[in-house]
Amino acid sequence: MASGGVSPASSSLLPTLSSTPHPTSVLSSSPLTNTTNTPRPTKICVFCGASPGKSTAHMEAARSLARVMAAQKISLVFGGGTVGLMGEIAKTLVSLSGPESVHGIIPSPLVKYERGPDSEVENGDGLPQYAVYGKTTVVKDMHTRKQLMAQEVLSGGAGSGFLALSGGYGTLEELMEVVTWNQLGIHNRGVCVFNVEGYWDGLLDWVRKSVAAGFVGENNSGIIVEGRDAEECVMALKNYRVSEGRFKLEWGNE
């Protein structure tokens, strides 16, 4: 790709979770080895909508989260779109911390769909400008996108985790997948929802009902934590404790 901020991902490094041809391809609850004495940067993967929402509170939440992340030198991993909440948090953080603080990961079919007015680059390929939205990695499909986003979080330092702003079906699916991976012992990173104007109340109530009905164990009821503002969310990930009911399974050693 012509843009300096774009790096197509190699599919050979991103197999399914059940295969192990490359040592960094399998999600693991074990911390990755740090070969230097330099602390690893905190990375938060934010799932959110490609729409702004009808209430202005959703876009302001994206901006406020970016401001808190910038103040604490936290890097952003996100879905690579330049519209809606995705575009807002990315460009806000880039404006405060520089393009190296943001990594967007997007499947090639969505490049044209999830782009805004600042997405065009000089050669007209429709990819986001590095100086505005940070680094972009184009991948082949949704599975690869989610796996690479998770690998970014696992490579981060203390306080790294997954956070969901408001969003639609895709946001919910991404959120619940990392919740399930947490329960299965595939990763041990925090999972938080930024509950803007009660947006995630229904999901949190569903968790409580599932526990009461016997479908979610009581010891796994706290896998998802909640924040009502940006600072609460970042602090919740920093203070996250894995659930006692989390499955102690071995992954990648089959």
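Everything that follows concerns the structure shown earlier in this document.
Below you will find a few notes about this structure. Quick caveat, the model's predicted, so the values are computed rather than measured. Residue numbers restart at each chain and count upward from 1, following the sequence in its written direction. This being a predicted model, a pLDDT of at least 70 is required before a residue's local features are given, and a value of 80 or more before pairs of side-chain atoms are given or counted; all residues contribute to the totals for chains, interfaces and linings. Note that water and hydrogens are dropped before the side-chain values are worked out from all heavy atoms of the structure.

Here we look at the packing of aromatic side chains
Note the cut-off: Stacked, edge-to-face and tilted labels apply to pairs of Phe, Tyr and Trp rings (six-membered ring for Trp) whose centres lie within 6.5 Å, assigned for plane angles under 30 degrees, over 60, and everything in between, in that order. For every residue, the accessible area obtained with a 1.4 Å probe (protein chains only) is divided by the maximum for its type, and the residue is called buried under 20%, exposed over 50%, and partly exposed between those limits.
For the coordinates displayed, the defined rule picks out 2 aromatic pairs. Aromatic pair Tyr199 and Trp200: ring centres 5.2 Å apart, planes at 90°, arrangement edge-to-face. The partly exposed category is assigned to Tyr199, whose relative accessible area is 38%.

Notes on the pairing of strand 3 (residues 102–107)
The condition is simple: Every helix listed is a DSSP run of H or I at least four residues long, and every strand listed is a run of E at least two residues long, numbered separately from the N terminus. When DSSP finds two or more bridges between a pair of strands, those strands are recorded as paired.
When you tally the buried positions in strand 3, you get 6 out of 6 residues, the bulk of the element. The alternating pattern of strand 3 places Val102, Gly104 and Ile106 and His103, Ile105 and Pro107 on opposite faces, both of which are buried. In terms of strand pairing, strand 2 (residues 75–78) meets strand 3 through 3 bridges, oriented parallel. Within the sheet, the bridge partner assigned to Val77 lies in strand 3 and is His103.

Observations regarding the packing of helix 1 (residues 56–71) against helix 2 (residues 84–97)
As a reminder of what qualifies: Axis lines are fitted to C-alpha atoms, over the contacting stretch for helices. Their N-to-C directions set the angle, which ranges from 0 to 180 degrees. When an angle is under 35 degrees it counts as roughly parallel; over 145 it counts as roughly antiparallel; between 65 and 115 it counts as roughly perpendicular; any other value is oblique. Left-handed is the label given to a crossing in which the near helix is rotated counterclockwise from the far helix by less than a right angle, and right-handed is the label when the rotation is clockwise. The contact criterion used throughout is that any non-hydrogen atoms of two residues lie within 4.5 Å. Note on residue categories: nonpolar means Ala, Val, Leu, Ile, Met, Phe, Trp, Tyr, Cys or Pro, charged means Asp, Glu, Lys or Arg, and polar means any other residue, Gly included.
Packing of helix 1 against helix 2 leaves a shortest axis separation of 8 Å and a crossing angle of 30°. Overall, the two elements helix 1 and helix 2 adopt an arrangement that is roughly parallel. Taken as a pair, helix 1 and helix 2 cross one another with a handedness that is right-handed. Along the contact surface, helix 1 presents His58, Met59, Ala62, Arg63, Leu65, Ala66, Arg67, Met69 and Ala70, while helix 2 presents Gly84, Leu85, Glu88, Ile89, Thr92, Leu93, Leu96 and Ser97. Per-class residue counts for the contact of helix 1 with helix 2 are 10 nonpolar, 4 polar and 3 charged.

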